[in-house]
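Given next are the chains, with one letter for each unit.
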Amino acid sequence: MPIWAWAVIFAVAVVCGIIGFILGQAHRKNVAEKAIGSAQEEANRIVAKAVQEGEQKKKESIVEAKEEIHQMRDEMEKEMKERRAEISKQERRLNQKEENLDRKTDNLEKKDDNLNRKLKDADKKIQEAEALKQTQQNMLEKISSMTVQQAKDYLLSIVENQLDHEKAVKILDYENRLKDECDEKAKEIISTAIQRCAADQTAETTVSVVDLPNDDMKGRIIGREGRNIKAIENVTGADLIIDDTPESITVSCFDPVRREIARITLEKLIADGRIHPAKIEEMFQKATKEVNNVIRQTGEKACIEAGVNNLNPELVKMIGRLKYRTSYGQSVLKHSLEVSYLAGLMAAEIGADEKLARRAGLLHDIGKSIDHDVGGSHVELGVEYAKRYRENDIVVNAIAAHHGDVEPKSVIACLVQAADAISASRPGARREDLESYIKRLEKLEEIAKSFDGVDKCYAIQAGREVRILVKPEIISDDKMVIIARDIAKKIEEEMEYPGQIKVNIIRETRAADYAK
């Protein structure tokens, strides 16, 4: 083989060796790089795992620390609660001991007061016993120098004085208890009824004034030679008073219905302008019809307001006539309605028949509607007409008994009496004429002077009180209670008066001497 072939083979072998070396180096490098990358990954993994484990341990350590701190805090709080509970318990024990000490101190003070009181009572009883002993000794000394009859009389007088004292004490005790109970209940019922009944009151008069357009009308009303005024007075039954009062004429009549008819007749004549006897008759007829219609309508309205049904039409008219009737300046219709309201309210309060009480209250003064025309008292007339129109017996008795003429037979009659007194005695409800007022005061003093032992007496407070001075040598302190009751009872039996009268007895002992 030629050299050049060997040279070529050698060169090829060298080239192959170099290429193999280079390829081996590249392979080793790749393997090394792969190993280095695996090592780095492993290292990173180890580092990450270590970091994760560190974090986990850190978290676990923190949780354990928190749990330990929480546990320590719970233990501290528990210990604090126990200490506080113990302190509170000790405080309660101390407060309880303090309260027990205060209670014991109070009990000791009360016992001390009781002992002092008992000692005083004992001393007082000893003194009373000594006084009683001395009294008995004095009595025995007196009796020893008396006859049997004198001793009996003396003992009887002592017993009588003691009985008077005990009787007076008993009367006062029972009266005070009964009065307190009755007054409380009665005030409650009456005040409730009065509060619920708000009735206005106006004073009425017995004359009416008719206004004239001018003073020339007076001459036309009088007429030639007084012909017109005489015709008016004859037809109406009322008196016309024509004086110097400018532009007015006064109509006067004791019968309020006739006075109202005369007033309306005169007003119609003045409005018409034609005044002569024929026209006067015509206007009188119209005025009469008008007043009768007003009376009927007023009676029906009053029955509706009072809640009273099924009244006889004649009684309804009589109630309407009360609109024109007055008593001591008080409108009798308003008074009757007020009595009806009050009686009904009080009946409702005590559980009685409210409707019957209202009916009796509305009709109690029905006789006043005709007492100017028919003889007899308004009570008698009211009873007569109530029976005539077949009213209930209880209503008839209430009418008869509302001034105490007969005994009330039912609680309704008593309620009507009370309501009538309340309505009549309200301040401003009525005017009392001077003559009857003076007679009542004189009668009050006369009754008081009729009793033995009365020295002087005075009716004061407008007749609401009688003040009596008694002789101290005749009337004792115990007998004052008895005589006051007797005087009050006699006043109730013999007098009629609104409201109540206080009997005030005064007993005084005076001693006088002179320095010489």
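Residues numbered from 1 in each chain as written. Predicted model: local features only at pLDDT ≥ 70, side-chain atom pairs only at ≥ 80, totals over all residues. Heavy atoms only, no water.

The next point concerns the overall build of the protein. Looking only at helices and strands, one finds 14 helices and eight strands in the protein. Taken over 516 residues, the protein has a buried fraction of 31%. The long-range fraction of contacts in the protein, counting pairs at least 24 apart against all pairs at least 6 apart in sequence, stands at 62%. Working note: accessible area of the protein is about 34,700 Å², and carbon and sulfur atoms make up 53% of it. (Helix = DSSP H or I, 4+ residues; strand = E, 2+ residues; numbered from the N terminus. Buried < 20%, exposed > 50% of the residue type's maximum accessible area, 1.4 Å probe, protein only. Contact = heavy atoms within 4.5 Å. Areas by Shrake-Rupley, 256 points an atom, 1.4 Å probe, with all protein chains shown as cover.)

It is worth spelling out a positive patch on the surface at this point. On the surface, a cluster of positive charge is made up of K89, R92, R93 and K97. Structurally, R93 can be placed in helix α1 (residues 3-144). (Patch = residues over 30% accessible without salt bridge, like charges linked within 9 Å, V, L, I, M, F, W, Y side chains within 5 Å. Salt bridge = Lys/Arg side-chain N within 4 Å of Asp/Glu carboxyl O. Lys, Arg positive; Asp, Glu negative; His and termini not counted. Charge placed at Lys NZ, Arg CZ, Asp CG, Glu CD.)

Whenever strands of a sheet pair, they do so through backbone hydrogen bonds, lying parallel or antiparallel. Here we have three strands laid out as an open sheet, ordered β6-β7-β8, and mixed in their pairing. Strands at the two margins of the open sheet, each flanked by one partner only, are β6 (454-460) and β8 (502-506). The mean angle between the axes of side-by-side strands here comes to 20°, regardless of whether they run parallel or antiparallel. Across five bridges, the pairing between strand β7 (residues 465-470) and β8 is parallel. Bridge assignment links L469 to a residue of β8, and that residue is I506. (Pairing = 2+ DSSP bridges. Axes fitted to C-alpha atoms, helices over the stretch in contact; angles between N-to-C directions.)

Before going further, it helps to examine the pairing of strand β3 (residues 248-252). Most of β3 is tucked away, with four of its five residues classed as buried. What sits between strand β2 (residues 239-241) and β3 in their antiparallel hairpin is a turn of six residues, with E247 showing a positive phi close to 55°.

Before going further, it helps to examine unusual backbone geometry. In this model, E225 sits at a positive phi of 55°, which is unusual for a non-glycine residue. Relative to the helices and strands, E225 resides in the loop between α3 (216-222) and α4 (227-236). Take E225: its relative accessible area is 75%, and that puts it in the exposed class. The backbone of R390 shows a phi angle near 55°, a positive value even though the residue is not glycine.

Another point: the packing of aromatic side chains. One pass over the structure, following the stated rule, counts one aromatic pair. Note on Y385 and Y389: the rings are 6.3 Å apart at their centroids and 35° apart in plane angle, and the pair reads as tilted. The side chain of R388 reaches across the aromatic face of Y385, ending 4.4 Å from its centre. (Phe/Tyr/Trp six-rings, centres within 6.5 Å; stacked < 30°, edge-to-face > 60°. Lys NZ or Arg CZ within 6 Å of the ring centre and 35° of its normal.)

Two numbers describe how helix α9 (residues 354-363) lies on helix α11 (residues 393-401): the axes approach to 9 Å, and their chain directions differ by 40°. Considered as vectors, α9 and α11 are oriented oblique to each other. In this structure, α9 meets α11 at a crossing whose hand is right-handed. Contact residues: α9 offers L356, R359, A360 and L363, while α11 offers I394, V395, A398 and I399. (Parallel < 35°, antiparallel > 145°, perpendicular 65-115°, else oblique. Left-handed = near helix turned anticlockwise from the far one by under 90°.)

On to the side chain of E260. Tracing the chain through its elements places E260 in helix α5 (residues 256-272). Ignoring any residue separated from it by four or fewer positions in sequence, one finds E260 in contact with V291 and Y324.

Before going further, it helps to spend a moment on the confidence of the model for the protein. Looking at the protein as a whole, the pLDDT averages 79, with 86% of positions reaching at least 70. Note on residues 198-204: pLDDT under 50 across the span, and 19 contacts to partners over four residues away in sequence or across chains. (pLDDT = per-residue confidence, 0-100.)

Right, let's get into the nonpolar core. Core analysis: the biggest nonpolar cluster contains 40 residues, and L311, I319, L362, L363 and V416 have the highest contact counts within it. At the level of secondary structure, the elements contributing two or more residues to this core comprise α6 (277-306), α7 (313-321), α8 (332-350), α9, α10 (378-388), α11 and α12 (411-425). It is α8 that provides the largest number of residues to this core, a total of eight residues. Every residue in contact with I319, bar those within four places of it in the chain, is listed here: G299, A302, C303, L311, L333, L362, L363 and I366. By size, the runner-up hydrophobic cluster in this structure holds 28 residues, among which are I232, I275, I280 and I295. (Core = buried A, V, L, I, M, F, W, Y, C linked by side-chain atoms within 4.5 Å.)

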